[in-house]
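For reference, the chains in residue letters:
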Amino acid sequence: MLINMTDVFTEEEKSVVKEVPLELTSICFQGEDFRILEKSPVTLTLTNTGQGRASIEAEAAVKVELKCDRCLREVTKEFTLQFSAQAVSPDVADEQEQDEERGFLEGYQLNVDSLISNEIITCWPMKILCKEDCKGLCSVCGKDLNEGKCDCDTFVPDPRMAAIMDIFRENKEV
Ligand SMILES: [Zn+2]
Ligand SMILES: [Zn+2]
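Residues numbered from 1 in each chain as written. Chains lettered and ligands numbered in written order. Predicted model: local features only at pLDDT ≥ 70, side-chain atom pairs only at ≥ 80, totals over all residues. Heavy atoms only, no water.

A separate point is the pairing of strand 4 (residues 32–39). Two strands pair when backbone bridges link them, and strand 3 (residues 26–29) and strand 4 are joined in this way by 4 bridges, in the antiparallel orientation. Pairing of Ser 26 across the sheet is with Arg 35, part of strand 4. Pairing between strand 4 and strand 6 (residues 53–67): 3 bridges, direction antiparallel. Bridging across to strand 6, Ile 36 finds its partner in Val 64. (Pairing = 2+ DSSP bridges. Helix = DSSP H or I, 4+ residues; strand = E, 2+ residues; numbered from the N terminus.)

Only Cys 138 (SG), Cys 141 (SG), Cys 150 (SG) and Cys 152 (SG) from the protein reach the zinc ion (ligand 2) as donors, at distances of 2.3 Å. Bound by 4 donor atoms, the zinc ion (ligand 2) shows angles of 105 to 117 degrees at the metal and therefore tetrahedral coordination geometry. Residue classification places Cys 152 among the buried positions, given a relative accessible area of 17%. (Donors = N, O, S within 2.8 Å, 3.2 Å for Na, K, Ca; no water. Tetrahedral: all angles 85-135°; square planar, octahedral: opposite > 155°, others 65-115°. Buried < 20%, exposed > 50% of the residue type's maximum accessible area, 1.4 Å probe, protein only.)

Applying the stated rule across the entire model yields 4 aromatic pairs. Look at Phe 9 and Tyr 108: their rings are 6.4 Å apart centre to centre, the planes differ by 75 degrees, and that puts the pair in the edge-to-face class. Note that Phe 9 is positioned in helix 1 (residues 6–10) and Tyr 108 in the loop between strand 8 (105–106) and strand 9 (109–111), a separation of 99 residues in sequence. Among the residues examined, Tyr 108 registers a relative accessible area of 35% and is labelled partly exposed. Pairwise contacts between aromatic rings join Phe 29, Phe 34, Phe 79 and Trp 124 into one cluster. It is Lys 77 that lies over the ring of Phe 79; its NZ or CZ is 5.4 Å from the centre. (Phe/Tyr/Trp six-rings, centres within 6.5 Å; stacked < 30°, edge-to-face > 60°. Lys NZ or Arg CZ within 6 Å of the ring centre and 35° of its normal.)

On to the side chain of Asn 146, then. Note on placement: Asn 146 falls in the loop between helix 3 (112–122) and helix 4 (159–173). At 2.9 Å, the side chain of Asn 146 and the backbone nitrogen of Lys 135 are in polar contact. Within the structure, Asn 146 has its side chain in polar contact with the side chain of Asp 144 (distance 2.9 Å). The contact partners of Asn 146, leaving out residues within four places of it in the chain, are Cys 71, Arg 73, Lys 131, Asp 133, Cys 134, Lys 135 and Gly 136. (Polar contact = N/O pair within 3.5 Å; in protein donor to acceptor, adjacent residues only side chain to side chain. Contact = heavy atoms within 4.5 Å.)

Turning our eyes to something else, we now look at the sheet that holds strand 9. What the 3 strands build is an open sheet, ordered 1-9-8; its pairing is antiparallel. The sheet is open, and its two edges are formed by strand 1 (2–4) and strand 8, each paired on a single side. The pairing of strand 1 with strand 9 spans 3 bridges and is antiparallel. Bridging from a neighbouring strand, Ile 3 pairs with Leu 110 of strand 9. Relative to the sheet, helix 3 contacts strand 1 and strand 9, its axis offset from that of strand 9 by approximately 45 degrees. (Axes fitted to C-alpha atoms, helices over the stretch in contact; angles between N-to-C directions.)

Domain parsing of the chain yields domain 1 (2–122) and domain 2 (131–174). Between the C-alpha centres of domain 1 and domain 2 there is a distance of 37 Å. In total, domain 1 and domain 2 occlude about 640 Å² of area from one another, counting both sides; carbon and sulfur atoms represent 45% of this. Of all residues in domain 1, the largest losses of buried area upon contact with domain 2 belong to Arg 70, Cys 71 and Arg 73, amounting jointly to 86% of the total for that side. For the pair domain 1 and domain 2, the number of links is 1 salt bridge. Counting the contacts that link domain 1 with domain 2 gives 3 residue pairs in polar contact (both at pLDDT 80 or more). Grouping the constituent residues of the side of domain 1 that touches domain 2 by class yields 3 nonpolar, no polar and 2 charged. (Domains from an automatic or database assignment. Buried area = accessible area lost by both parts, 1.4 Å probe. Salt bridge = Lys/Arg side-chain N within 4 Å of Asp/Glu carboxyl O. Nonpolar A, V, L, I, M, F, W, Y, C, P; charged D, E, K, R; others polar.)

Here it is in structure tokens:
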């Protein structure tokens, strides 16, 4: 959804509160799409803070279907968002400001989906686990070790060991 910001940018001390639907149906994170399961409307407070400038305060709750880092099972994560951002109209923004808001401002219009999507990506958890002591998948046969042991000798039965394996994997990616 696009919201025209022209009046907020130009009218001194103007402040409007809007409740708009979130049209977003998935979040793209590191090239992968994650489904949105539930979402609340977005509450926006748009306030003029000077010629061509506005502050945006946003609130929303979004449930996203993530995947456990270890066993790939689906994990539902609720993002409760409450944040603010600054918007500068294209005619007064300097280069750096244009860079910062690229993605949620399209000319004089606020792209609500991009604003929310950016914030969810910022809040993305470092580690996603279906449960603290998830045993993960066997690296040889792929069996879900939460459902029982397999016969391979490389499986990691101890959750403390699984945590260490995570650190190994993370370091490898760097
Ligand atoms: Zn898991
Ligand atoms: Zn196995």
